[in-house]
Amino acid sequence: MSGEDVLKDFPQFLPEIGDDLRSYLICPDKLPMHQLENVQEFWPRTCDVTRLMHFDITQLSTTLQVQRDYDTGEIIDFKEVPIPNAGESSSNSMAFTRAPCVENNSVRGNPMNLPFWPGSFPQPQFKTPENTNDVLNDDLLRVAPGISRGLLFDDDGNTVIGYATEEDASTKVNIPENKINLAELIREEEAKLGIWKSNDNEDNMQSTEENILTSENPDEESILPSEDLQLPVLTLTTKSDKSITGSEYAVLVDCSKPITNFEELIPEMAHQYPFELDTFQKQAIIQLEKHNHVFVAAHTSAGKTVVAEYAIALCEKHMTRSIYTSPIKALSNQKYRDFKQTFKDVGLITGDFQINPTASCLIMTTEILRSMLYCGSEVTRDIEYVIFDEVHYINDKERGHVWEQVLIMLPERVCVVMLSATVPNTIEFADWLGRTHQRKVYVVSTTHRPVPLAHYLYTGTSGVSKNNRFKILDDSGWKRQGYEQSKATIGTSNNTHRFHIKQENTMWYALVDHLKTCDLLPVVAFTFSRAKCDSNAQSLRSLDLTTQREKYAISHFFEECIRSLKEPDRNIPQIILMRDILKRGIGVHHSGILPIIKEIVEMLFQNRLLKLLFATETFAMGVNMPSRTVVFDSIKKHDGHERRQLLPAEYIQMAGRAGRRGKDKKGTVIILCKGELPPASQLQEMMLGKPSHLTSQFRITYGMVLSLLRVESLTVEGMMSRSFREADHQKSMIKMKKELERVEDTLNNDYSSELSAYLEPLVEFYRKARRYLDARKDSITDIISSAKALKVLVPGKLILITHMNHINKLALILSQSKRNPITFRVLVLTDDNDMSNDTTCDEKTECWYKMLGLSRTIVYCPIENPSHEVLTISPSDIFYVCNKKIKAEYDFVLKDYDQRQIPRFKDNPPGDDCREAVEELFKLTTSIKNDSMLDSSLGFMDYIKDMNIVEESLYLKISHLNQLRTDVESHVENLQIPNFENQFNIVFKKKILEDERDFLKHMLSDASMALYPDYENRIQLLRHLKYVDAQNRVELKGRVACEMGMNELLITELVLRNILTKLKPAEVAALLSSMVFQAKTNAELSENEFPAELQHGIQEIKDIFQEIQQLEAEYQVYGDDFKDLNFGLVHVVYEWASEKPFAEIMSLTDIQEGIIVRCIQQLNEVICDVKNAARLIGDPALHSKMEEASTAIKRDIVFAASLYTQRDSTVI
């Protein structure tokens, strides 16, 4: 009988449960909902106080290492060896060898984590003292940091003699020097010399000691060990090879010659391309293979993305990570879609979601990368390449500083790939980056355009003139004939007023018809107004540019994309309008369009289904969507401050979208004249001018200060000194250090002795005169440059000057140059005894002669037979303005003098006009020969009383200078001593060197940095608000502020003052929207129309905001950290957080849909920051409230998933 038969005979003692399990798994709706007592258990915890006495032991710092026999492999011994980096974690170490942090914080990091060590900061070097007594007896604080009171010990180190207060915290212990313990000194010397003792060199050391003892005045060679000694090296730290000084860090790669052996240099490409690479692409790839920093500067659509793709492919090959950063979130989504088609392992990280965060290639904005670096993200361990796209946006005033911070904070092992449009100072920027990281940066730059551009003026206004398109610029240069032809078609009788709507509508119909006839579609029409884009698209209702097949494809794709939206959201007016416009081949792209609609427009345009696209400038930001033609609706735009002409960089960026590589032989750029022809000079400046230089926008923010202060090893000063703003200053520091050494050597060798007491009046005069001259140097140019002063300082006016060795001379103004800098040409008298003829005077400084002028009370007067000279002086040389004038032919005097400076005319006698002017000047000078300057008849003019300069800033400067001048003049009577100049020369030489030494020390210190005063002021404000303590340690409020991405102080105060806790989630969301909404609205409700809770909350936010503003004014903190609060969207966000439909809240405001969506998305990031802060301070009520607020606003069309992360545009 088989086993199966035996089992069959047994009775069934368990019920069949297959059907029950199937029903349990497939139909969860049948499960009971209210029998919670069967699924919840509670285990009460008993209190055990003794558990507080136990604690986890520290990690082991050593381990046992097996010692084996090299021949047999037998274990012969165990050796205790230290465990490297034992106990290091993200909270106490910045090394890459530290233990990984928890998985939840591995991608974005945590504000409480320490960042990994930046490659731009030198590695810290810890020096162990050679003698323990040095530690015990030197540099000891009386009071430990953070403690208010400490103990004072006697000299024995054991006896307590009193208490130390907190004021003594920075006071070091002073070891008395009146007692010398010879025995102790001998023991210390023996201990120090014992470090170098060995059996091989003991005799040499003994002979060296004998030389030291027997020599009365030993020199350096006798003290130092000889070169024959093989001394063991006491290595505490290994010096890095990074210490490159005096070298050029930017290397310009030659892209003019083709690379014939590229396949030999790189036999196995990390990524294959189906086309032949350009020379600049090959050069960049060669440097990437060598793991070098690369800066690629090329025109739009030149193929810079190839370099980025190769860096990503190298990381996949090396099994490392690459990060691709973009200026805006929308571009990140597009790049995710593009790279996803090329590479398998691609991820996307945004502010509100993550896709495949463990991927080899991560795409994100620069702000997110900065946050990850500051928060010690574990992703940083594996990064090999960081690709910065659109680096020229470092010029952005609001966000440019983020690029600099990221470049400074990147670890040493990371290579940087920078992609930029053509800029003039690529070498300068690359040199800064290379100097910061102490590595060469290879600049690959090309001005070649794969598709050349042709620029036209369009003067057509209707069907009759629809073909009025004239070429004014191409590769061969400016076309004057085309400009003249366009000028002739417009004529001189046309009015220059703006087109009205009907005229502009007619013009667009004529232009599109012309472009269609010439096969120049598709076209991107750049219009610098969102409202103008919408009105242009809506006015072309009868224009149809698509076939029936294209209409079906557009309609099908549109409906498929919005299918994920709820039914009410599909009927939003903007969606209904765009559905009709897109079918006719016309699109609109600007920030006011819903994100999902913008993505539909982009995908349709990429697939050549749209023929005419009205777009704002943001469409040209890094988006690889070229067209055949680009049209400029205007060449002027409003930049938020004024209406101005387009800059060359802006024009080139947008015009570069014309011409599709591989499809068009040339790109067409058209400028619409609309009845008004721009001047040729403006067009040439815009089209042919140099792009804007890369300039530093680095600034101090509260978030950066607090993030760096919480890291002991990094400093804000270090970050500032490494910014692009301080690049020139840092390069000059080596030269300044050498100059400081020279000055100090001169002082020590030549002026080491103290000045005699009888020279004290001269020292005091020097101090007052130097203070006056320094203040005068900073102010006099502004005073003289004022319109009222220049009106007085005209040819013929007499002035008193001191210009180098021409001391206290009357001068006749011959001409005035108002160019910057302002200069004057003046006539002065000289003679044979005049020290101005002294050939040795060049050894003196300008300051010396001006001080001599201040020490004298009379005007210079030649003895006899005066000669003359014409000088070119600056405003700083003018000390007094006289109320007298001399009439002469000033132009003839100048012409006569200049002619006699030519060698063949140098012996000619002065002309009559020149001779008469000299005689008049000599007559005036001799009339006051022995008079004091202040009592003479010259009548010196006062800038305030006589010239009526009463502008507040100039008035304060003049008053300050007058006061300092009075102090100098009151001390002149003390200078009446024999041989004054020789005595003062002694004082001057020493004091001028001391001033130079102090200046160089200041320039080499942190205080010389441009932003250092702002940093000091911010620190004072943070201490006032208790974000940091007296030792700049970050307090709880500071740690909360580190969680915030914007408005750090304002939001932190709202959190810690419990203002948000007492509000409902919808009210919290509505109030916080005032910090992210920046648009203007005409439909803002009065605060009285809000609910009472909202009114009270608005007032509290305003009070805190005003309090912070007053503190910033008090501490002189100036910056863009806090923008004015805007409550224009409070009622809209309140209704949205109250679960009202999007179509309903749109009726409450005139703000466009896209602006509202962007505002609510940014608001969600702020709410998440507050939620993290609530977790940090242990406030569960606030945490749950922020969770509810985030859930309430994070829904429907506002947070609809990006099409780039869902589909491929090729499915159209």
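Our subject is the structure listed above.
Residues numbered from 1 in each chain as written. Predicted model: local features only at pLDDT ≥ 70, side-chain atom pairs only at ≥ 80, totals over all residues. Heavy atoms only, no water.

A.B. asks: Teacher, can you tell me more about the pattern of salt bridges here?
C.D. replies: Note on pairing: side chains with opposite charge can pair once their charged atoms come close. Per the counting criterion, the structure on display carries 57 salt bridges. With a closest N to O distance of 3.7 Å, Asp-474 and Lys-471 form a salt bridge. With a relative accessible area of 30%, Lys-471 lands in the partly exposed category. Salt bridges sharing partners connect three or more residues here, namely Glu-617, Lys-637, Asp-639, Arg-644 and Glu-650. (Salt bridge = Lys/Arg side-chain N within 4 Å of Asp/Glu carboxyl O. Buried < 20%, exposed > 50% of the residue type's maximum accessible area, 1.4 Å probe, protein only.)

A.B. asks: Help me out: how do you make sense of the pairing of strand β20 (residues 629–632) in this one?
C.D. replies: Each regular strand carries side chains that alternate between the two faces of the sheet. Of the two faces of β20, both are covered, the one formed by Thr-629 and Val-631 as well as the one formed by Val-630 and Phe-632. Where strand β17 (residues 523–526) and β20 come together, four bridges link them in parallel fashion. Along β20, the bridge assignment pairs Val-523 with Thr-629. (Helix = DSSP H or I, 4+ residues; strand = E, 2+ residues; numbered from the N terminus. Pairing = 2+ DSSP bridges.)

A.B. asks: Explain the sheet that holds strand β27 (residues 867–873) here, please?
C.D. replies: In sheet architecture, strand pairing relies on hydrogen bonds along the backbone and comes in two forms, parallel and antiparallel. What the five strands build is an open sheet, ordered β27-β26-β25-β24-β28; its pairing is antiparallel. Strand pairing shows two members of the sheet lacking a second neighbour, β27 and β28 (878–885), which therefore form its edges. Pairs of neighbouring strands in the sheet enclose a mean axial angle of 35°, with direction left out of account. The sheet contact formed by strand β24 (residues 797–803) and strand β25 (residues 806–817) spans five bridges and is antiparallel. When the sheet's bridge partners are listed, Leu-800 is paired in β25 with Leu-810. (Axes fitted to C-alpha atoms, helices over the stretch in contact; angles between N-to-C directions.)

A.B. asks: For this particular structure, what's the right way to read the nonpolar core?
C.D. replies: For soluble globular proteins, nonpolar side chains are generally found buried alongside one another. Judged by nonpolar contacts, the single largest core of 208 residues is most densely connected at Phe-388, Phe-429, Ile-597, Ile-600, Phe-632 and Phe-1142. If one sorts the elements of this core by residue count, helix α40 (residues 1153–1177) sits on top with 11 residues. Ignoring sequence-local partners within four residues, the contact set of Phe-1142 consists of Asp-569, Ile-572, Leu-594, Trp-1136, Glu-1153, Ile-1156, Val-1157, Ile-1197 and Val-1198. Counting 76 residues, the second-largest nonpolar core is a separate cluster that includes Ile-807, Ala-811, Leu-924 and Met-947. (Core = buried A, V, L, I, M, F, W, Y, C linked by side-chain atoms within 4.5 Å. Contact = heavy atoms within 4.5 Å.)

A.B. asks: Is there a simple way to think about the environment of Val-859 in this case?
C.D. replies: Along the chain, Val-859 falls in the loop between α28 (846–855) and β27. C-alpha separation for the pair Val-859 and Ile-801, spaced 58 residues apart in sequence, amounts to 9.9 Å. When near neighbours in sequence (up to four residues on either side) are disregarded, Val-859 contacts Leu-800, Asn-808, Leu-810, Ile-928, Lys-929, Asp-931, Met-933 and Leu-938.

A.B. asks: I tried to follow the pairing of strand β23 (residues 667–672) on my own but got confused; where do I start?
C.D. replies: For β23, a buried count of six out of six residues is recorded, marking the element as mostly surrounded by other parts of the structure. The two faces of β23 match: Gly-667, Val-669 and Ile-671 on one face and Thr-668, Ile-670 and Leu-672 on the other face are all buried. Looking at chain direction, strand β14 (residues 453–458) and β23 are connected through six bridges and run parallel. Residue Ala-454 lies in a different strand from β23, and its bridge partner there is Thr-668. With four bridges joining them, β20 and β23 adopt parallel strand pairing. Counterpart to Thr-629 in the pairing with β23 is Thr-668.

A.B. asks: Honestly, the packing of helix α36 (residues 1065–1072) against helix α41 (residues 1180–1193) in this entry has me stumped. Any pointers?
C.D. replies: Any two packed helices are characterised by how steeply their axes cross, that is the angle between the axes, and by the distance between the axes. Between α36 and α41, whose axes approach to 8 Å, the crossing angle comes to 75°. Overall, the two elements α36 and α41 adopt an arrangement that is roughly perpendicular. The residues of α41 that touch α36, namely those facing Pro-1065, Val-1068 and Ala-1069, are Lys-1185, Met-1186, Glu-1188, Ala-1189 and Ile-1193. When grouped by side-chain class, the residues that make up the contact of α36 with α41 number six nonpolar, no polar and two charged. (Parallel < 35°, antiparallel > 145°, perpendicular 65-115°, else oblique. Nonpolar A, V, L, I, M, F, W, Y, C, P; charged D, E, K, R; others polar.)

A.B. asks: What's the story with unusual backbone geometry in this structure? I'm lost.
C.D. replies: Most peptide bonds take the trans form, and the phi angle of most residues other than glycine is negative. Following Leu-521, the chain continues into Pro-522 via a peptide bond in cis, with omega recorded as 5°. Locating Pro-522 in the fold gives a position in the loop between α15 (501–517) and β17. Not every positive phi belongs to a glycine, and Asp-519 is a case in point at roughly 55°. Structurally, Asp-519 is set in the loop between α15 and β17. In the Ramachandran plot, Asn-1047 falls in the positive-phi region, its phi being about 45° despite a non-glycine side chain. Its location among the elements puts Asn-1047 in the loop between α34 (1036–1042) and α35 (1048–1056).

A.B. asks: Would you take a moment to explain the side chain of Asp-831 for this structure?
C.D. replies: Tracing the backbone through its elements, the reader meets Asp-831 in the loop between β26 (823–830) and α28. For the buried Asp-831, which has no salt bridge, the nearest side chain bearing the opposite charge is Lys-809, at an N-O separation of 7.0 Å. A polar contact of 3.4 Å, which involves the side chain of Asp-831, links it to the side chain of Tyr-860. (Lys, Arg positive; Asp, Glu negative; His and termini not counted. Polar contact = N/O pair within 3.5 Å; in protein donor to acceptor, adjacent residues only side chain to side chain.)

A.B. asks: What should I look at first to understand the packing of aromatic side chains in this one?
C.D. replies: Aromatic rings considered in pairs are described by the distance between their centres and by the relative angle of their planes. Taken as a whole, this structure holds 22 aromatic pairs when the rule is applied. Look at Trp-1136 and Phe-1142: their rings are 5.8 Å apart centre to centre, the planes differ by 90°, and that puts the pair in the edge-to-face class. Connected via pairs of aromatic rings, a cluster forms that spans Phe-765, Tyr-766, Trp-848, Phe-980, Phe-984 and Phe-988. Lying over the aromatic face of Phe-96, Arg-413 brings its terminal NZ or CZ to 3.9 Å of the ring centre. (Phe/Tyr/Trp six-rings, centres within 6.5 Å; stacked < 30°, edge-to-face > 60°. Lys NZ or Arg CZ within 6 Å of the ring centre and 35° of its normal.)

A.B. asks: What should I look at first to understand helix α17 (residues 548–561) in this one?
C.D. replies: Each α-helix turn comprises 3.6 residues. Residues three or four places apart therefore point the same way. Under the 1.5 Å per step criterion, the end-to-end length of α17 is 20 Å for 14 residues, consistent within 8% with the ideal 20 Å. Here α17 has its buried residues at Glu-550, Lys-551, Ile-554, Phe-557, Phe-558 and Cys-561. One face of α17 carries all of its buried residues, which in axial projection span an arc of 140°. Across from the buried face of α17, at angles greater than 90 degrees, the exposed residues are Gln-548, Arg-549 and Tyr-552. Packing partners of the buried residues in α17 comprise α19 (573–583) and α20 (595–606). (Expected span 1.5 Å × (residues − 1). Arc of directions from axis to C-beta.)

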